[in-house]
Amino acid sequence: MQVIATAGHVDHGKSSLVRALTGMEPDRWAEERRRGLTIDLGFAWTALPGGEVVAFVDVPGHERFVVSMLAGAGPVPAVLFVVAADEGWMPQSSEHLAALDGFGVRSGLLVVTKADLADPAPVIAEARDRLAGTSLAGIAAVAVSSVDGRGLDVLRESLVSLASGVGDPSGDVRLWADRAFTIKGAGTVVTGTLGDGTLRVGDSLVTSTGTPVVVRGLQSLGEEVDRVVGTARVAVNLRRVEKLAVGRGTALLTPDAWRLTEVIDVQLLREVHDRSSRNLVLHVGSAAVAVRLRSLGSFARLTLASPLPLRVGDRGLVRDPSTRQIAGFVVLSVSPPPLDRRGAAVARGNELAEVVDDPVALGTALRLRSAGFINGAVLRAEGLKPDRPPRAGDWYADDLAWASTIDQARALTTSGPVTVETLRQSLPPDLIDPLLDAANLERVGALVYRADNVLTAATEAAVRALEAEWTESPFQAPSTERLTALALGPRELAAAARAGRLTSLPGNVILRADAIAQATSIITNLPEPLTVSAVREALNTTRRVAVPLLEHLDTQGITHRLPDGTRLRR
């Protein structure tokens, strides 16, 4: 399905055109039909000659209802831009074009109506001149009459080319509500244009105001369905939620997939003077919120009166209701840094100039650079896509930040071990082990040591003293007092073990480097089953040494422990 909005000056025949194409009445209210004036959004749909389905969002053309027009056109990817042959281009034509250009709508048709009343050719020529330089420049033109039917078949054929717009079925749902009402016995119903994603009955969603909701039922094109895939018009019946909680401008969202933000940095597509003291309004999707604007040179920072679910690359517009000035924008950042230092605004403008050519790819690099380390879920919620694999799990790192962290970790361990907790203070937990590998560090319990530490002269002398003692008694482990006397603490013992100068067993049992191999050789000559006592006597050692040594041999598969505590050789 493709969803297409109408646009154009009041009384240029937009609703009549939709009625002629679909056979449906888009004006929902009796007052609209009585006055012949669309004052709210209307909806209708039809099948094209090839079987494709198009749904129309009929927006009001009167200047008093421009907010409703923006709410209808904001989420819609294509437009029928309507100009009447007997009146030509009018003020609301220009305002609607500015809005569509701001929203970045590129697909559409120029439809000159009332061709039975005047020659459409001059109006087509003028309209094409007006469209030049906008996102709708170069769209095809069709002249029609809703009275005698001329041009309608050509229009239907032309609509086929617009009906190929399909959203991403696997995308995250962001359904901007353009209407909410209550049905007796069913509850609250929200309607909107689903761009990307898939909605299913039973889905759990969350509103942009933070209210959890459950999809009780779905309807598309007047029929009950189990699921709806974007792009589509859809009515969503929600369970246990009041209508006031999901009014126009609220969005239904995939949980945990969107960032709600009140501050965004944008590229303005038209110059707007710094009007932070003026009553500007931001329009995106069907939402309209008050906003303050701060100039950042060629860019701007917008501070919203209430948070919205926005992503980098989103299009919207700011509007000054008093002057009717409209300026479109592209979102460049939904998590901008504070501007709390002298010169920060100029520096931020320079940063944004780096990413404007590709807000997603280049913006991701800038975001990584500013954050250092960031989770992939955060990047995706902001509309960013990393150009590299994660360092670990779903964590991404800026190359300079990663290199700096490695240098800092090695510097911290130069004069001795540090705790793992010390490294965690500046690093996500998932990145601790990759950091240790990259920095050539080793963790011993709660401490981290330099893996490439060379034995100091004092440690070398102490290890040689132990080696001399082991010449006479290779399986006698030095006591804690003896190790202390030799100044062999955990760091020195770990360094000596890494250097292959000794063997460390649980319980602070320290033995010569070849103790395991020598013990294995000795026990091969002992009768089975092996007992701790027999091994202790054969090795001329103590139970303090024999027990952890045998347990180590068990883990190495050299011996096998039986239920009674004896062992067999494997």
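Model, not experiment: these values are computed from the prediction. (Residues numbered from 1 in each chain as written. Predicted model: local features only at pLDDT ≥ 70, side-chain atom pairs only at ≥ 80, totals over all residues. Heavy atoms only, no water.)

Chemist: Describe the pattern of salt bridges, naming the residues involved and giving the relevant values.
Modeler: Counted by the stated rule, this structure contains 26 salt bridges. Ionic pairing is found between Arg-424 and Glu-421, a salt bridge with its closest N-O pair at 3.7 Å. Here the residue Arg-424 and the residue Glu-421 both occupy positions in helix H11 (residues 420–424), the gap between them amounting to three residues, near one helical turn. For Arg-424, a relative accessible area of 34% corresponds to the partly exposed category. Take Glu-421: its relative accessible area is 46%, and that puts it in the partly exposed class. Sharing partners across several salt bridges, the network here consists of Asp-265, Arg-301, Arg-348 and Glu-351. (Salt bridge = Lys/Arg side-chain N within 4 Å of Asp/Glu carboxyl O. Helix = DSSP H or I, 4+ residues; strand = E, 2+ residues; numbered from the N terminus. Buried < 20%, exposed > 50% of the residue type's maximum accessible area, 1.4 Å probe, protein only.)

Chemist: Explain the pairing of strand E20 (residues 315–320) residue by residue, including any values.
Modeler: For E20, the buried fraction is high: five of the six residues fall into the buried class. Alignment of strand E17 (residues 280–284) against E20, held across three bridges, turns out to be antiparallel. Each bridged residue has a counterpart across the sheet, and for Leu-282 the counterpart in E20 is Val-318. Both E20 and strand E21 (residues 325–333) contribute to a ladder of six bridges, which runs antiparallel. Each bridged residue has a counterpart across the sheet, and for Arg-319 the counterpart in E21 is Ile-326. Taking the residues that link successive antiparallel strands as the turn, the E20-E21 hairpin has four residues, and the phi of Arg-324 there is positive, at about 65°. (Pairing = 2+ DSSP bridges.)

Chemist: Before we move on, can you summarise the packing of aromatic side chains with the specific residues and values?
Modeler: By the definition in use, this model includes two aromatic pairs. Note on Phe-81 and Trp-89: the rings are 5.5 Å apart at their centroids and 15° apart in plane angle, and the pair reads as stacked. One exposure class covers both Phe-81 and Trp-89, and it is buried. The ring of Trp-258 has Arg-311 sitting right over it, with the charged end atom 3.6 Å from the ring centre. (Phe/Tyr/Trp six-rings, centres within 6.5 Å; stacked < 30°, edge-to-face > 60°. Lys NZ or Arg CZ within 6 Å of the ring centre and 35° of its normal.)

Chemist: Lay out the sheet that holds E20 in plain terms, naming residues and giving numbers.
Modeler: Reading around the barrel, the six strands line up as E16-E19-E18-E17-E20-E21 and close back on themselves, with antiparallel pairing between neighbours. Adjacent strand axes in the sheet meet at a mean angle of 40°, parallel and antiparallel pairs treated alike. On the sheet, helix H4 (residues 91–103) packs against E17, E20 and E21 and is oriented at approximately 140° with respect to E20. Running over the sheet, helix H7 (residues 344–355) touches strand E16 (260–268), strand E18 (287–296), strand E19 (299–309) and E21 and is turned about 110° from E18. (Axes fitted to C-alpha atoms, helices over the stretch in contact; angles between N-to-C directions. Contact = heavy atoms within 4.5 Å.)

Chemist: Explain unusual backbone geometry to me, using residue names and the numbers behind them.
Modeler: Residue Gly-230 is joined to Thr-231 through a cis peptide bond whose omega torsion reads 10°. On the secondary structure map, Thr-231 appears in the loop between strand E13 (227–229) and strand E14 (232–239). In this structure, the amide linkage connecting Glu-528 to the following residue, Pro-529, adopts the cis form with an omega of -5°. Checked against the element boundaries, Pro-529 lands in the loop between helix H16 (515–523) and helix H17 (532–539). Of note, Leu-221 is a non-glycine position whose phi angle comes to about 55°, a positive value. Relative to the helices and strands, Leu-221 is located in the loop between strand E11 (212–220) and strand E12 (223–225). A positive phi angle is found at Asn-508, which is not glycine, with a value near 60°. By the secondary structure assignment, Asn-508 is in the loop between strand E27 (502–505) and strand E28 (509–512).

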